[in-house]
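Next come the chains, spelled out residue by residue.
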Amino acid sequence: MGKQFGFFVDQSKCIGCRTCQMACKDYKHLNVATKTKVGQNFRRVYEYEGGTWQEDGDGNYTNDVFAYYTSISCNHCTDPACTKVCPTGAMHKRESDGIVVVNHDKCIGCRSCEMACPYGAPQFNETTGHMDKCNMCVERLEVNKQPICVEACPDRVLEVGEISELRKKYGNVAGVAPLVSSSITGPNLVIKPSPQAKPSGDKEGNLTAPNPQQKVEDAVSPLIITGDK
Amino acid sequence: MEHSFTLHETPLIIFTLLMQASLGLSLVVSLLFVFAKTPLNKSLNITENGKMNTTLIRRVYGLAFLLGLLAIISSTIHLGDQLHGFYILGRVFSTALPREVIFCSAFTGCSFLIMIFLTRLPIARILLLITPILGLLALIFMSSFYGQMVQTNPAWAFGYTFMRFLSAVCMLGGLLSAIIVLAQIHTTGSNILSTKSMYATAFGVMIIGLLLSFIYQPNFEFYLANVSGEVSHNIYGYLTQLSLSNWLIAIGILVACIDFSFNFIRAFSSQKPSMLMIVAFILVVIGLFISRDIFYALKNTEIM
């Protein structure tokens, strides 16, 4: 096995602006949202929040509310769930850099990888009938450029590099709610947790955005979608 | 309440239901032979009343073949690029989906061969033996395809998925076999022993299916309540659909039981195939469809 590349996410700095998401969508020409589908988003920003206000008995209220953001794409896992279930071997992990990519010449578009991945990384492209996913902008890495999401982030939340180097610099944390435990697939991800961050498996908070059931008209003004004035 | 209906999974739901109905028909015929405890030629009554009984078995396997074929067609509709399908042959020893495809196809192919070779005893004996085995393996791999994702999607644990699918196999197979037997009696006016045996076997298989669902469902819900992660869709988001599904299946089985009772009491004297059994079948199919839709909605993640 050669190198293994991974992402670093500084949750403590992320303001949830979704510039990374939009830069990726634009650069990769991903399918745009329709009225009923959110389209493809190789990078998403999860908003996790929780807590309550409580009366302390003398008329005062205290709270333990929290909210934080996690920018997430494919984690190019060490033990990827998507490659294990792929019936053709189209979804595979590159030996040279550990990046998980789709071979479009083999993909049958069965969506097994989409079902298996706990991070929502593989996404179906309705135009080609194949699966697509973040390839860490490998074509940019090859010419010593940063992936587009890393370059676009206005708060310098994201970083890419060899995972061993990133772990030396920032530690080993990758299991932060709402992400699943990092012991499952071994994501090549390092997170500098928000001070409010909860561990994976936390039951106190809720994933409030993006809502898995959300349709575009729920989030965006109907006037924008229909073009009405 | 969350919406569970996902259009792109519909061909997959149809595939599982049709294939499981097909496997159920095979199960009923196999059990008929097991419980008959007679040599195959006598079970088929080839020497005594060959035409009658082979017609019944042929009809059952003919329907099994048709359902299997429709299931396979439906599964290919689910694919984004069917032309790359043959690449699955290279991964037979690596993952469950290619095995599922191969055994489902083999089962369907053998069902077709049974229709052709049923009266040729040496071949029929082999086919009648291996076809249900292929069907069982197809069901195991169908369940293990989901089961292999258990770490990332606890809702699809192999044991519960297998029980869910086996329950559907028994209920659909039992009801369809009963309809075929009734249609056979209606068209030929015959009322011979093995036809009754098959009807009784169909009833037994359907009840086994119901009992399996009684066992797995509460345990499955208890299990889900314990393992659901933060990004899991919660089973309790689908209680309305779950309730509707259970009611439809329960009413369908109840209607079928009434029809089974009438026919046993009247000793198959009615010359009309009962509409009750068909209504029961439709209710159970709709109930299972809703239940399967919830099953696919219980994914750990969705595109976000």
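Thresholds, definitions, all that
- Residues numbered from 1 in each chain as written.
- Chains lettered and ligands numbered in written order.
- Predicted model: local features only at pLDDT ≥ 70, side-chain atom pairs only at ≥ 80, totals over all residues.
- Heavy atoms only, no water.
- Helix = DSSP H or I, 4+ residues; strand = E, 2+ residues; numbered from the N terminus.
- Buried < 20%, exposed > 50% of the residue type's maximum accessible area, 1.4 Å probe, protein only.
- Contact = heavy atoms within 4.5 Å.
- Areas by Shrake-Rupley, 256 points an atom, 1.4 Å probe, with all protein chains shown as cover.
- Phe/Tyr/Trp six-rings, centres within 6.5 Å; stacked < 30°, edge-to-face > 60°.
- Lys NZ or Arg CZ within 6 Å of the ring centre and 35° of its normal.
- Buried area = accessible area lost by both parts, 1.4 Å probe.
- Polar contact = N/O pair within 3.5 Å; in protein donor to acceptor, adjacent residues only side chain to side chain.
- Pairing = 2+ DSSP bridges.
- Axes fitted to C-alpha atoms, helices over the stretch in contact; angles between N-to-C directions.
- Salt bridge = Lys/Arg side-chain N within 4 Å of Asp/Glu carboxyl O.
- Core = buried A, V, L, I, M, F, W, Y, C linked by side-chain atoms within 4.5 Å.

A.B. asks: Tell me about the overall build of chain A, and name the residues and values.
C.D. replies: Counting its regular elements, chain A contains 8 helices and 12 strands. Looking at the 229 residues of chain A, the share that counts as buried comes to 51%. Long-range contacts, defined here as pairs at least 24 residues apart, represent 63% of the contacts in chain A between residues at least 6 apart. With the model as given, the accessible surface of chain A reaches about 10500 Å², and the carbon-plus-sulfur share is 51%.

A.B. asks: Please provide a residue-by-residue account of the overall build of chain B, values included.
C.D. replies: Looking only at helices and strands, chain B has 9 helices and 0 strands in total. Each of the 304 residues in chain B was classed as buried or not, and the buried ones make up 56%. As presented, chain B carries roughly 12900 Å² of accessible surface, and 73% of it is formed by carbon and sulfur atoms.

A.B. asks: Could you give me a rundown of the packing of aromatic side chains, with the residues and numbers involved?
C.D. replies: Scanning all chains against the criterion turns up 20 aromatic pairs over all chains. Where Y48(A) meets F66(A), the ring centres are 6.1 Å apart and the plane angle is 40°; that geometry is what we call tilted. A residue pair is termed long-range when its members are at least 10 positions apart, and Y48(A) in strand β2 (residues 44–50) and F66(A) in strand β5 (residues 66–72) qualify at 18 residues. Given a relative accessible area of 5%, F66(A) falls into the buried group. When the ring of F65(B) is compared with that of F112(B), the centres are 4.9 Å apart and the planes differ by 45°; the resulting orientation is tilted. Highlighted residues: F65(B) in helix α3 (residues 46–78) and F112(B) in helix α4 (residues 96–117), separated in sequence by 47 residues. What links up through ring pairs into an aromatic cluster is the set F145(B), Y146(B), W156(B), F165(B), F295(B) and Y296(B). Over the aromatic face of F7(A) sits the side chain of R43(A), whose NZ or CZ is 4.7 Å from the ring centroid. Its end group placed over the ring of Y27(A), R140(A) keeps NZ or CZ at 5.5 Å from the ring centre.

A.B. asks: Can you tell me about the interface of chain A and chain B, naming the residues and giving the values?
C.D. replies: Each partner contributes residues to the interface: chain A has 46 residues there, and chain B has 36 residues. Here chain A meets chain B over a buried area of about 3300 Å², counting both sides, of which 59% is carbon and sulfur. There are 10 residue pairs in polar contact (both at pLDDT 80 or more) connecting chain A and chain B.

A.B. asks: Quick one: what's the story with the side chain of S177(B), residue by residue and with numbers?
C.D. replies: Residues and elements named next belong to chain B. Its location among the elements puts S177 in helix α6 (residues 158–188). Polar side-chain contacts of S177 include one of 2.6 Å to the backbone oxygen of G173. With residues near it in sequence (within four places) discarded, S177 still touches L25, V28, M198 and A202.

A.B. asks: Let's hear about the sheet that holds β2(A): which residues, and what values?
C.D. replies: All names here are of chain A. The strand order across the open sheet formed by 3 strands is β5-β2-β12, and the pairing between neighbours is antiparallel. Looking at the sheet topology across the chains shown, the edges are occupied by β5 and β12 (205–209). On average, adjacent strands in this sheet sit at an angle of 30° to one another, irrespective of strand direction. As paired elements, β2 and β12 share 4 bridges and run antiparallel to each other. Counted as the bridge partner of Y48 is L207 from β12.

A.B. asks: Outline the sheet that holds strand β10 (residues 158–162) of chain A, listing residues and values.
C.D. replies: Residues and elements named next belong to chain A. Strands sit in the order β10-β1-β11 across an open sheet of 3 strands; the sheet is mixed. Each end of this open sheet is capped by a strand with a single partner; those strands are β10 and β11 (189–192). Across the sheet, the mean angle from the axis of one strand to that of its neighbour is 20°, orientation sign disregarded. Two elements, strand β1 (residues 5–10) and β10, share 5 bridges in a ladder whose sense is antiparallel. Bridge pairing in β10 places V9 opposite L158.

A.B. asks: Which residues make up the pattern of salt bridges, and what are the values?
C.D. replies: Residues and elements named next belong to chain A. With the rule as written, the count across this model stands at 9 salt bridges over all chains. The residue K169 makes a salt bridge to E159 at a minimum N-O spacing of 2.8 Å. In this pair, K169 is assigned in helix α6 (residues 163–170) and E159 in strand β10, connecting sequence segments 10 residues apart. Here K169 falls in the exposed class, since its relative accessible area comes to 54%. Through salt bridges with shared partners, one network takes in R94, D97 and E142.

A.B. asks: Give a description of the nonpolar core that names residues and reports values.
C.D. replies: Core analysis: the biggest nonpolar cluster contains 92 residues, and Y146(B), W156(B), L175(B), M198(B), M277(B) and L288(B) have the highest contact counts within it. Per element, the largest residue contribution to this core is 15 residues, and it comes from α6(B). When residues no more than four places from it in sequence are discounted, the contact partners of Y146(B) are M115(A), L12(B), T16(B), W156(B), T161(B), F165(B), F295(B) and Y296(B). Counting 42 residues, the second largest nonpolar core, distinct from the first, contains F5(A), C20(A), C117(A) and V160(A).

A.B. asks: Any details on the environment of S194(A)? Residues and values, ideally.
C.D. replies: All names here are of chain A. Mapped onto the fold, S194 is located in the loop between β11 and β12. Judged by its relative accessible area of 9%, S194 falls in the buried class. Separated by 65 residues in sequence, S194 and G129 have C-alpha atoms that sit 38 Å apart.

Just geometry here; none of it tells us what the structure is for.
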